Amino acid sequence: MIRNDQLVKTLKTEEGNYAEEMALEEYGGPTEEQSATVFLQTHGLLPKEANCAKCGAPCRFQEKSQHFRCDKQVNGRRCNYKRTMRKGTFLAHCVKNDSEFLAFLSMYLSKDFNSDQVVQELRWTDNTVTQWAVWCGEVCEQYVKTQPKIGGPDTVVEIDEICLCQRKQERGKIVHAFWVVVGKERDSNKRFVANLDGNPRTAANLSGIITKYILPGGVVITDSHPSYSTLGSHGYAHHIIDQQNVVRTQSIERIWGELKKGYVVRRGRAPNHMPLHICRYIFIAAFKAEDERLHRFLRNAAAMHPSPPC
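As the structure is a prediction and not an experimental result, all values here were calculated from the model.

### Observations regarding the overall build of the protein chain
Scanning the protein chain for helices and strands turns up nine helices and 14 strands. Expressed as a percentage of its 310 residues, the buried residues of the protein chain come to 43%. Residue pairs at least 24 apart in sequence account for 55% of intrachain contacts in the protein chain once pairs closer than 6 positions are excluded. Of the roughly 16,500 Å² of accessible surface on the protein chain, a fraction of 48% belongs to carbon and sulfur atoms.

The structure is reproduced here in structure tokens:
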């Protein structure tokens with residue numbers, strides 16, 4: 001569970017400077033729920049103020065019901081316009097309180113996320129946890145789509161294909177095999193995971209993925225599969241791993257283990273949700289510090305679902 005003191009610590013801003021994201025002293029000792037609401041308002045997920053859609057007057061916020069209400073008198077009659085605080089935001093479908101949502105989010109962005117733990121600690125239903133995991137996965141997916149290419153001159157990128165398979169009772173026959181192409185820039189934390197499910201390992205498919213995610217001019221290390229033989233014609237210095245371990249792909253082997261040990265492959269996860277779990281893995285790997293990871297996620301969620309205009 002996320003604690004009240006966790007909500008008020010400093011977070012890293014986009015400019016790289018540390019700044020106090022919240023000033024809660026004005027509340028005179030806020031409760032956990034008040035802190036959570038202000039925390040979400042500061043990150044742009046919830047509006048701080050609103051104007052009446054009928055008369056344009058500023059609305060009064062009712063903290064107990066979390067509604068904006070217009071009290072303007074027109075010809076002796078109150079306008080009485082009201083709207084919920086969450087309308088049109090990322091939290092529009094959230095029937096839980098703000099502190100519970102942040103508790104779920106802190107567990108979702110952890111490396112050992114387990115839906116059963118959420119059900120046990122927050123008393124949410126399985127359907128609620130699954131739906132919120134999908135919505136949060138879409139935020140991670142949008143982050144992945146907006147990332148620049150890796151590689152380029154004076155860089156080394158390791159490439160490999162990985163089969164993320166689900167077995168019957170976790171030990172029987174393979175019931176679903178999900179192939180992905182993984183790329184990791186050596187000596188940095190930059191990486192990509194591209195879906196290869198349903199597509200053969202042809203030169204056209206693999207070259208298309210590599211040119212989509214990797215800038216030319218650098219070194220690309222792969223295995224000896226013949227589909228990689230055309231990489232030299234795309235502006236890459238193509239190296240192949242050898243038995244003497246001079247040319248190696250140890251970074252990819254580590255990612256292989258991370259993807260298979262709980263990040264993506266886990267009993268009960270639907271195969272059609274696999275791409276969202278992969279995006280979640282990339283997002284978590286991009287931000288090592290938990291505070292910054294939470295901060296970036298909320299900023300991206302607010303950008304995807306901006307508060308409706310007043």
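### A word on the confidence of the model for the protein chain
Per-residue pLDDT for the protein chain averages 78, and the proportion of residues at 70 or more is 77%. No element of the protein chain has a lower mean pLDDT than strand β2 (residues 18-19), which averages 38, and none a higher one than strand β12 (residues 214-215), which averages 93. This model gives residues 1-30 a pLDDT under 50, and the stretch forms 59 contacts once residues within four places in sequence are excluded.

### A short note on the environment of asparagine 205
With respect to the element layout, asparagine 205 can be found in helix α6 (residues 203-213). Judged by relative accessible area, asparagine 205 falls into the partly exposed class, the value being 26%. Considered as a pair, asparagine 205 and tyrosine 228 are 23 residues apart in the sequence and their alpha carbons are 10.0 Å apart.

### What to know about unusual backbone geometry
Here the phi dihedral of asparagine 80 falls at roughly 65 degrees; this positive angle occurs in a residue that is not glycine. Within the element layout of this structure, asparagine 80 appears in the loop between β6 (77-78) and β7 (82-84). Non-glycine residue aspartate 187 carries a positive phi angle of around 70 degrees. Tracing the backbone through its elements, the reader meets aspartate 187 in the loop between β10 (174-185) and β11 (191-195).

### What to know about the sheet that holds strand β3 (residues 60-62)
Paired through backbone hydrogen bonds, the strands of a sheet run either parallel or antiparallel to each other. Taking strand neighbours across the sheet as the criterion, the three strands line up as β3-β4-β7 in an open arrangement whose pairing is antiparallel. The sheet terminates laterally at β3 and β7, the two strands that pair on one side only. Ignoring which end each strand starts from, the neighbouring axes of this sheet average 25 degrees apart.

### Observations concerning the side chain of serine 110
Its place among the elements puts serine 110 in the loop between α3 (98-108) and α4 (115-122). A polar contact is formed between the side chain of serine 110 and the side chain of aspartate 112, at a distance of 3.3 Å. Ignoring any residue separated from it by four or fewer positions in sequence, one finds serine 110 in contact with Arg280, Ile284 and Arg293.

### Comments concerning the pattern of salt bridges
Inspection of the entire model under this criterion finds five salt bridges. Of the charged contacts, one joins arginine 60 and aspartate 71 as a salt bridge, the two residues approaching to 2.5 Å between their closest N and O atoms. One end of the pair, arginine 60, is in strand β3; the other, aspartate 71, is in the loop between β4 (67-69) and β5 (73-74), with 11 residues separating them in the sequence. On the basis of relative accessibility, which here comes to 29%, the residue aspartate 71 falls in the partly exposed class. Of the charged contacts in the structure, one is a salt bridge between arginine 78 and aspartate 71, with a shortest N-O distance of 3.6 Å. Given the relative accessible area of 42%, arginine 78 is considered partly exposed. Counted as one network, the salt bridges with shared partners bring together Arg60, Asp71 and Arg78.

### Considerations on the packing of aromatic side chains
Taken as a whole and judged by the stated rule, the model has 14 aromatic pairs. Between the aromatic rings of phenylalanine 90 and phenylalanine 101, the centroid separation amounts to 6.2 Å while the plane-to-plane angle is 65 degrees, which identifies the pairing as edge-to-face. With a gap of 11 residues between them, phenylalanine 90 in the loop between β7 and α3 and phenylalanine 101 in helix α3 connect regions that are remote in the sequence. According to the relative accessible area criterion, phenylalanine 90 is buried, its value standing at 7%. A relative accessible area of 0% means that phenylalanine 101 is categorised as buried. Joined through ring pairs, the aromatic side chains of Phe90, Phe101, Trp132 and Trp135 make up one cluster.

Quick notes on the rules
Residues numbered from 1 in each chain as written. Predicted model: local features only at pLDDT ≥ 70, side-chain atom pairs only at ≥ 80, totals over all residues. Heavy atoms only, no water. Helix = DSSP H or I, 4+ residues; strand = E, 2+ residues; numbered from the N terminus. Buried < 20%, exposed > 50% of the residue type's maximum accessible area, 1.4 Å probe, protein only. Contact = heavy atoms within 4.5 Å. Areas by Shrake-Rupley, 256 points an atom, 1.4 Å probe, with all protein chains shown as cover. pLDDT = per-residue confidence, 0-100. Pairing = 2+ DSSP bridges. Axes fitted to C-alpha atoms, helices over the stretch in contact; angles between N-to-C directions. Polar contact = N/O pair within 3.5 Å; in protein donor to acceptor, adjacent residues only side chain to side chain. Salt bridge = Lys/Arg side-chain N within 4 Å of Asp/Glu carboxyl O. Phe/Tyr/Trp six-rings, centres within 6.5 Å; stacked < 30°, edge-to-face > 60°.

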